[in-house]
Amino acid sequence: MAISELPNSRTEEDGSAVLRVLSYNVRSMRDDEDALARVIRACDPDLVFVQEAPRFFRWRKHAARLAAKSELVMLSGGATAAGPMLLCSLRATVERTEDVLLPLTPGLHRRGLATAVVRFARARVGLISCHLSLRKDERYAQAGMVLDRVAALGTPYTLVGGDLNERPEGPAFRRLANELRDGWETSPWGGAYTSTPADPHQRIDAILATPGVEFLGCGVPTDLDPADLRAATDHLPVLAAVRLPAGP
C-alpha cells in the first residue's frame, strides 16, 4: 500500500502527536548506501529504529553520514549498543539517551539496546531499538530484558522497534507481544513479511508499543522502489503511524 495512505506527522490541538516510525535492519551499511537513504527518506519518519548499524572502524562517521543522507540526526546507539541505533527528526526534543549492553554468551555476538526518552509536543515517549539473538534460549531471555528496560524507562508510553530474529509464533516474539501491542497485528497495513527483499516469506521484524499508543497503520510499504529495496539491505523496512496521547 502507498506510503501516502498513512497519516502525515502532525501535532494535534490537544497536544497529542502523530508520528511515523520506521524499523530497519541496515546490515552494517555494507550494501548500497544511497539506496538505503532513499528508502528511509521515502518513508518520511520521525523516528528510525536501526539494527546492525556500523560497529567498527570509523563507525560514528558512517552512522552520521546515513543520518545526514536520510535528513535525520543521530539520537543514540551504534557500536556502543552493539548495533542497534536510533535516528530522529528535528521534531523530537531529547530528554535523555542510554546505550545498554546485554550479557555476553561466549561464542555469540554481543547484543545491546539503544534507548532514549523524547518528547513530541506534549507527548513523552520511551524508545528502544533491539536486535535479538539467533539462538533460541538467549533470544527468549533478551526479550525479557527488553521488557525490563521498558519498565525502567519510566515513561507513560514506549515504542520498541527491532529485528526479533523470530516469527510471531516463536516464544520470544510471543513474550514481547503478550505485554506490548504488535503494530502489524493491531493495525495491519501494507505487507507483512520483512525477510528477504528478494523473497519476502517471513515476518521477523516488528514495531511494538505499550498500551495507550494508538497504531494507525503498520507494515511494509508496498510502493517503494523494488530495486532500491533489494540494493539497500537484506531486510524490508517496517513503517508505522502512531498517535501518542499528550502528557499531563
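Residues numbered from 1 in each chain as written. Predicted model: local features only at pLDDT ≥ 70, side-chain atom pairs only at ≥ 80, totals over all residues. Heavy atoms only, no water.

Draft legend 1. Focus on the overall build of the chain. A tally of regular secondary structure across the chain gives six helices and 13 strands. The C-alpha atoms of the chain give a radius of gyration of 16 Å, which matches the 18 Å a tight globule of 248 residues would have. Here the C-alpha coordinates of the chain stretch approximately 50 × 40 × 35 Å along the principal axes. Looking at the chain residue by residue over its 248 residues, the buried ones come to 55%. Here the analysis covers contacts within the chain between residues at least 6 apart in sequence; of these, 71% occur between residues at least 24 apart. Total accessible area on the chain stands at roughly 10200 Å², and carbon and sulfur atoms take up 50% of it. Within the chain, the 31 negative side-chain charges are centred at a point lying 5 Å from the centre of the 30 positive side-chain charges. (Helix = DSSP H or I, 4+ residues; strand = E, 2+ residues; numbered from the N terminus. Rg over C-alpha atoms; globule rule 2.2 N^0.38 Å. Buried < 20%, exposed > 50% of the residue type's maximum accessible area, 1.4 Å probe, protein only. Contact = heavy atoms within 4.5 Å. Areas by Shrake-Rupley, 256 points an atom, 1.4 Å probe, with all protein chains shown as cover. Lys, Arg positive; Asp, Glu negative; His and termini not counted. Charge placed at Lys NZ, Arg CZ, Asp CG, Glu CD.)

Draft legend 2. Molecular detail of the side chain of Asn 165. Tracing the backbone shows Asn 165 in the loop between β9 (158–163) and α4 (171–179). Polar side-chain contacts of Asn 165 include one of 3.3 Å to the side chain of His 131. (Polar contact = N/O pair within 3.5 Å; in protein donor to acceptor, adjacent residues only side chain to side chain.)

Draft legend 3. Structural view of helix α3 (residues 136–153). Helix length check: α3, at 18 residues, gives a terminal C-alpha distance of 26 Å against a target of 26 Å (1.5 Å per residue), a fit within 8%. Restricting attention to buried positions, one finds in α3 the residues Glu 138, Arg 139, Gln 142, Ala 143, Gly 144, Val 146, Leu 147, Val 150 and Leu 153. Summarising the contacts, the buried residues of α3 are in contact with β6 (93–101), β7 (112–120), β8 (123–131), β9 and α4. (Expected span 1.5 Å × (residues − 1).)

Draft legend 4. Summary view of the pattern of salt bridges. Scanning the model with the defined rule gives 18 salt bridges in all. Two residues, Arg 27 and Asp 31, come together in a salt bridge whose shortest N-O distance is 2.6 Å. Given a relative accessible area of 26%, Arg 27 falls into the partly exposed group. A salt bridge links Asp 34 to Lys 69; the nearest nitrogen and oxygen atoms lie 2.8 Å apart. Of this pair, Asp 34 sits in helix α1 (residues 33–43) while Lys 69 sits in helix α2 (residues 59–69); the two residues are 35 residues apart in sequence, bridging distant segments of the chain. Looking at Asp 34, the relative accessible area reads 39%, which means it is partly exposed. Its relative accessible area of 28% is what places Lys 69 among the partly exposed residues. (Salt bridge = Lys/Arg side-chain N within 4 Å of Asp/Glu carboxyl O.)

Draft legend 5. Fine view of the layout of surface pockets. Quantified by volume, the largest pocket comes out at close to 260 Å³. Lining of the largest pocket is provided by 17 residues; of these, Glu 52, Arg 55, His 109, Arg 111 and His 131 occupy positions nearest its centre. Looking at side-chain class alone, the lining of the largest pocket contains four nonpolar, seven polar and six charged residues. Empty space within the second largest pocket amounts to approximately 180 Å³. Around the second largest pocket sit Gly 191, Ala 192, Tyr 193, Pro 197, Val 220, Pro 221, Thr 222, Leu 224, Pro 226, Leu 229, Arg 230 and Leu 236, which together line it. Of the residues in the lining of the second largest pocket, the class split is nine nonpolar, two polar and one charged. (1 Å grid on protein atoms, 1.4 Å probe; cavity = no way out; pocket = protein on both sides within 12 Å on 5 of 7 lines; lining within 4 Å. Points joined across faces, edges and corners; volume = space filled by probe spheres on them. Nonpolar A, V, L, I, M, F, W, Y, C, P; charged D, E, K, R; others polar.)

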